Amino acid sequence: MNTHHLIGALVLMAGSTSLFAEQTAGIPQNQVKERETFVSHLMKQMTLDEKIGQLNLVSVGPDYPKEAIMADIRADKVGGMFNTVTKPDIRRMQDQVQYSRLKIPLFYAYDVVHGQRTIFPISLGLAASWDMNAVATSARISAKETAADGLNMTFSPMVDITRDPRWGRVSEGFGEDTYLTSRLAHEMVSAYQGNDPSAPNAVMANVKHFALYGAVEGGREYNTVDMSLTRMFNDYMPPYKAALDAGAGGVMVALNSVNGIPATSNPWLLQEVLRDQWKFKGLTVSDHGAIGGLVLHGVAQDDRQAAAMALKSGVDMDMADNMYGKYLKGLVADGMVTEKEVDRAVRNVLNAKWDMGLFADPYRHLGPVSSDPADTNAESRLHRKEAREVARTSLVLLKNEHETLPLQKKGTIALVGALADSQRDVMGSWSAAGKANQAVTVLQGMKEAIGDKATLLYARGANITNDPAIVDFLNQYEKQVINDPRPAQEMIDEAVKAAKKADVVVAVVGEAQGMAHEASSRTELNIPQSQRDLLKALKATGKPLVIVLMNGRPLTLTWENEIADAMLETWFSGTEGGHAITDVLFGDYNPSGKLPMTFPRSVGQIPLYNSVLNTGRPFNPQKPNKYTSRYFDITNGPLFAFGYGLSYTQFSVSAVSLSATTMSASAPLTARVTVKNTGKRSGATIVQLYLQDVAASISRPVKELKNFEKIDLAPGEEKVVTFTVNEKDLRFFNDKLKWASEPGKFNVFIGLDSQDLKQTSFLLK
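Starting afresh in each chain, residues are numbered from 1 along the sequence in its written order. The predicted origin of the model limits local features to residues at a pLDDT of at least 70 and limits the giving and counting of side-chain atom pairs to 80 or more, whereas totals for whole chains, interfaces and linings rest on all residues. Just so you know, side-chain values use all the structure's heavy atoms and leave hydrogens and water out.

- Per an unreviewed UniProt entry, the recorded name for the chain is Periplasmic beta-glucosidase, and the organism is Ewingella americana.
- Listed in UniProt under the heading Catalytic activity (unreviewed entry), the comment for the chain reads: "Hydrolysis of terminal, non-reducing beta-D-glucosyl residues with release of beta-D-glucose."
- As stated in UniProt under Subcellular location (unreviewed entry), the record for the chain gives "Periplasm". UniProt positions are given in the numbering used here, feature names are shortened, and annotations may be inferred rather than shown by experiment.

Next comes the structure, spelled out in structure tokens:
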């Protein structure tokens, strides 16, 4: 028996990997039958050429101008479009459908990852909020604005688990943790689609990148993935399944290989797991140019074979490289591909268009010409209030010695750093149709917050980087980094002069948004040297130093942590980022964010994450013996742990109380703690529940996040936080890929981050 078929059979028997299977969304049965009847009737009328045309997903570009695309639409050679984002352009394309034989409408898609016109924090920042209401708000508004621009689908959410911050697309995902990412995946899809992806303010979600893209070796973009099946199904697969259980209508196939077989030509992944085990009925889409990439992967001899492999493996639509359009008809004629296999893909495309409501109204989300906005980029189309509120929840206070923060709106404040006044960078990567000139910088935010109450001095202080090769790389396709031509020392001297006049210095430092993007993998995770030189000079002034970080990944900040009096992680916080950051700096909002990824002390520690497996010789920092799992040249453990984040107030957590010390499948138990605000300010925090299976048939993580709750407390107020633990929470895929729990001892941990925890235990019978 083929190994992949054996694996597929075992996985199929194992049951659902999702944490949210009971909430599966779906189309009412009567509508499914109506759709099947309609699509079957339509397909009987279609020629093979027309069917192949439906599998072609195209984008306007220098080699494929609008006029050529419109001609192909009229000739039934296009099934959908992406990267066309304004109503007039989309309407013009859809108009061409009326000149085709069967008048099958197109759908329109875009990478709306963290906002369409109003840009919310990058996905890693949204994850840092641990706030499902905030995340849902961002996705609902994203869907509303996307639909208002005439689009039908978003290539989002990106739910790839990643534990290597060298990877540039860390910024686009939700971090390292399986449970947190699964919760967020479900929340985002539900908010994008609601109960109906054709609704006026909804769009279809296309979850990506299936599968394991975040586990690429060395954190290097487009690289290979080699992973055991137990790790794959326990750690990396659940977020995709959670998105599908929420009703995601589409799946984007990853560019990487999985255990030697590219995802784009992997029938085990796309058929046995996705279709057979998970019962996915929606649309699969290749990533950009991925089908032609099979030749470079070394699994196809030429593009023609690549097209056959992708279609037969289960890729429905071909994004951008037209491999299907060029070769499928000949492949069918030669018997290399059957028309039945083409029909399977075409049916999935047409079903998706039905679900988007396009057969009922080809101009769904477009409306009449009279409904087009007079100004596509009008200020009135933005949702600034919500963007500011969401962005504030994403900020993480990493350090605050001597209550340096919040700042006072008096005296003199020096604000320095190239990122302090960069509208483009505050929006972050994958900022869709957002306009930089509508983004609020920290400089603007501070000016507005201070007014005439204090003096604000601004100096650039340094360029983001002085490395010309990096600047050229970042500006390769679009000039986004513009360096100040002055000598570095002159800029530092200007900043130092401002710092000496000030009562406190705020330095906004980190990465350009293009440094945390697709194809932006890094070997080092430090703040660029030009900015480190600036920080060193500012520290030498002796003035209190507040470091405000802008970045799309965990950075190595050991030195910065030593010299800073306070440090605030702001990620790339979006259109209203400057206001949100200022709200936190001045205490108008008390930060409550928690890290969704571990911050290492050194790149040499990577991968470093919370839910690690133990070893036979674990390192004990209280008894640091030589022959244990450790590094001898560094302080072991993270600089900032997963789930970590401070507040302007303080909280205490009581011992854990269990409703019982034994548990069975039919009798869940509850775990309780009392959390008290022991400080002087109102504030919110995230109470986190972790579990450990002490002895199992395979080694299990030292602790796994299994639940969390955000609570708000006034000074002196306390609240009992209760978590229900049931037998499903204890299940895992064992070495036979059976999804089940095992009797024995389980440790329960509850606290405000993954390391400062209260512990107790129970037995599963």
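Re the packing of helix α9 (residues 229–236) against helix α11 (residues 267–277)
Then comes step 1: Put simply, α9 and α11 touch, their axes get as near as 15 Å, and they point 50° apart. Judged by the angle between their axes, α9 and α11 are oblique. Note on packing geometry: the crossing formed by α9 with α11 is right-handed. Counted together, L229, M232 and F233 of α9 and W268, V273 and Q277 of α11 form the full contact between these two elements.
Then comes step 2: Residues are grouped as follows: nonpolar covers Ala, Val, Leu, Ile, Met, Phe, Trp, Tyr, Cys and Pro; charged covers Asp, Glu, Lys and Arg; every other residue, Gly included, is treated as polar. Partitioned by chemical class, the residues of the contact of α9 with α11 number five nonpolar, one polar and no charged. Axis definition: a line fitted to C-alpha atoms, limited for helices to the stretch in contact. Angles are taken between N-to-C directions and run from 0 to 180 degrees. Only runs of H or I of at least four residues qualify as helices and only runs of E of at least two qualify as strands under DSSP, and these elements are numbered from the N terminus. For this classification, under 35 degrees means roughly parallel, over 145 means roughly antiparallel, 65 to 115 means roughly perpendicular, and everything else is oblique. Crossing handedness follows the turn of the near helix against the far one: under a right angle anticlockwise gives a left-handed crossing, and clockwise gives a right-handed one. When checking whether two residues touch, look at their non-hydrogen atoms; a contact exists if any pair is within 4.5 Å.

Quick notes on the domain arrangement of the chain
Then comes step 1: Domain boundaries shown here were taken from an automatic or database domain assignment. Along its sequence, the chain is carved into domain 1 (385–596) and domain 2 (651–764).
Then comes step 2: Centre-to-centre separation of domain 1 and domain 2, based on C-alpha positions: 36 Å.
Then comes step 3: Every contact between the two is made by eight residues of domain 1 and, on the other side, nine residues of domain 2.
Then comes step 4: For the pair domain 1 and domain 2, the two sides together bury roughly 550 Å², of which 43% comes from carbon and sulfur.
Then comes step 5: Summed over both partners, the accessible area (1.4 Å probe) lost when two parts come together is defined as the buried area. Of all residues in domain 1, the largest losses of buried area upon contact with domain 2 belong to N590, S592 and K594, amounting jointly to 74% of the total for that side.
Then comes step 6: Salt bridges are identified by distance alone: a Lys or Arg side-chain nitrogen within 4 Å of an Asp or Glu carboxyl oxygen. Summed over the shared surface of domain 1 and domain 2, the result is zero salt bridges.
Then comes step 7: Contacts described as polar in this section are N or O atom pairs within 3.5 Å, which, within protein, must combine one atom able to donate a hydrogen with one able to accept it, while residues neighboring in sequence count only if both atoms come from side chains. Our count for the contact surface shared by domain 1 and domain 2 stands at three residue pairs in polar contact (both at pLDDT 80 or more).

Description of the sheet that holds strand β2 (residues 80–82)
Then comes step 1: Following DSSP output, two strands are said to pair if at least two bridges run between them. Read across the open sheet, the eight strands follow the order β9-β6-β5-β4-β3-β2-β1-β10; overall the sheet is parallel. Pairing within the sheet leaves two strands with one partner each, and these edge strands are β9 (283–285) and β10 (318–319).
Then comes step 2: When strand β5 (residues 204–210) meets strand β6 (residues 250–253), the two strands line up parallel, connected through three bridges. The partner of V207 across the bridge, within β6, is V251.

So, the UniProt feature "domain: Fibronectin type III-like" (unreviewed entry) in the chain
Then comes step 1: Cross-referencing UniProt, the feature "domain: Fibronectin type III-like" (unreviewed entry) maps to residues 685–754 in the present numbering.
Then comes step 2: Taken end to end, residues 685–754 has its terminal C-alpha atoms 13 Å apart, with 0% of it in helix and 56% in strand.

Re the side chain of K703
Then comes step 1: With respect to the secondary-structure elements, K703 resides in the loop between β21 (683–693) and β22 (704–713).
Then comes step 2: For the buried K703, no salt bridge exists, and the shortest N-O distance to an oppositely charged side chain is 8.0 Å, to D753.
Then comes step 3: Separated by 3.3 Å, the side chain of K703 and the backbone oxygen of S754 make a polar contact.
Then comes step 4: K703 has contacts with N610, S611, Y690, L691, Q692, F749, S754 and L757, leaving out every residue within four places of it along the chain. Classification of residues uses two cut-offs on accessible area relative to the type maximum, computed with a 1.4 Å probe and protein chains only: under 20% is buried, over 50% is exposed, and between them is partly exposed. Note that His is not counted, nor are the chain ends; the positive residues are Lys and Arg, and the negative ones are Asp and Glu.

A word on helix α5 (residues 87–96)
Then comes step 1: Residues of α5 that are buried include every one of K87, I90, R91, M93, Q94 and Q96, and no others.
Then comes step 2: Of the surrounding secondary structure, the elements contacted by the buried residues of α5 are α4 (66–74), β2, β3 (107–110) and α7 (132–148).

A short note on the pattern of salt bridges
Then comes step 1: Scanning all chains against the criterion turns up 36 salt bridges.
Then comes step 2: We note a salt bridge from R35 to D355, for which the minimum N-O separation is 2.9 Å. Pair noted here: R35 is in helix α2 (residues 29–45) and D355 is in helix α15 (residues 339–355), with a separation of 320 residues, a long-range link.
Then comes step 3: R35 gets classed as buried once you look at its relative accessible area, which sits at 9%.
Then comes step 4: R486 is the partner of E494 in a salt bridge, and the nearest nitrogen-oxygen pair spans 3.3 Å.
Then comes step 5: When its relative accessible area of 35% is taken as the criterion, E494 is described as partly exposed.
Then comes step 6: Of the residues examined, R486 reaches a relative accessible area of 25% and is grouped as partly exposed.
Then comes step 7: One network of salt bridges, with partners in common, ties together D111, R169, E172, K208 and E518.

Describing unusual backbone geometry
Then comes step 1: Note the cis peptide between S156 and P157, where omega equals 5°.
Then comes step 2: Its location among the elements puts P157 in the loop between β4 (153–154) and α8 (178–193).
Then comes step 3: Looking along the chain, the bond that leaves F210 and enters A211 is cis, with omega of 10°.
Then comes step 4: Relative to the assigned elements, A211 resides in the loop between β5 and α9.
Then comes step 5: The phi dihedral of H402 falls on the positive side, at around 55°, and the residue is not glycine.
Then comes step 6: Counting through the fold element by element, H402 comes out in the loop between β11 (396–400) and β12 (412–416).
Then comes step 7: Unlike most non-glycine residues, W571 shows phi in positive territory, near 55°.

A closer look at the nonpolar core
Then comes step 1: Among buried residues, those of type Ala, Val, Leu, Ile, Met, Phe, Trp, Tyr and Cys that are joined through side-chain atoms within 4.5 Å constitute a nonpolar core. Counting residues in hydrophobic clusters, the biggest one holds 197 residues, and the most contacted among them are F210 and M237.
Then comes step 2: If we skip the residues at most four places from it in the chain, M237 touches F210, A211, L212, M232, L269, V273 and W278.
Then comes step 3: One finds F651, L691, V721 and F723 within the second-largest nonpolar core, a separate group that totals 24 residues.

Brief notes about the environment of F651
Then comes step 1: Checked against the element boundaries, F651 lands in strand β17 (residues 651–653).
Then comes step 2: You can call F651 buried: its relative accessible area is 17%.
Then comes step 3: F651 sits 579 residues away from D72 along the chain, and the two C-alpha atoms are 63 Å apart.
Then comes step 4: Other than its neighbours up to four places away in sequence, F651 contacts V675, K676, N677, T678, G683, A684, T685, L713 and L752.

As for the sheet that holds β11
Then comes step 1: With mixed pairing, the six strands of this open sheet are ordered in space as β11-β16-β15-β14-β12-β13. A strand with exactly one partner marks an edge of an open sheet, and here the two such strands are β11 and β13 (455–459). Recorded for the sheet is a direction-independent mean angle of 15° between the axes of neighbouring strands.
Then comes step 2: Those strands touched by helix α23 (residues 577–585) are β14 (504–510), β15 (545–550) and β16 (566–569), and its axis lies near 150° from that of β15.

Brief notes about the packing of aromatic side chains
The relative placement of two aromatic rings is captured by the distance of their centres and the angle of their planes.
Then comes step 1: For Phe, Tyr and Trp, rings pair up if their centres lie within 6.5 Å, where Trp contributes its six-membered ring, and each pair is then called stacked (planes under 30 degrees apart), edge-to-face (over 60) or tilted (otherwise). A complete count under the given rule lists 16 aromatic pairs for this structure.
Then comes step 2: With a centroid separation of 5.3 Å and an interplanar angle of 45°, the aromatic rings of F38 and W354 are classed as tilted. Here F38 is found in helix α2, whereas its partner W354 is found in helix α15, with 316 residues between them in sequence.
Then comes step 3: Between the aromatic rings of W130 and F708, the centroid separation amounts to 5.1 Å while the plane-to-plane angle is 70°, which identifies the pairing as edge-to-face. Of this pair, W130 sits in the loop between α6 (123–129) and α7 while F708 sits in strand β22, placing them 578 residues apart in sequence.
Then comes step 4: Through a chain of ring-to-ring contacts, three or more aromatic side chains come together here, namely W130, Y179, F642 and F708.
Then comes step 5: We call a charge positioned above a ring when the Lys NZ or Arg CZ atom is no farther than 6 Å from the ring centre and deviates by at most 35 degrees from the ring normal. We note R163 situated over the ring of Y609; from NZ or CZ to the ring centre the distance is 4.3 Å.
Then comes step 6: The side chain of R183 reaches across the aromatic face of F708, ending 4.4 Å from its centre.

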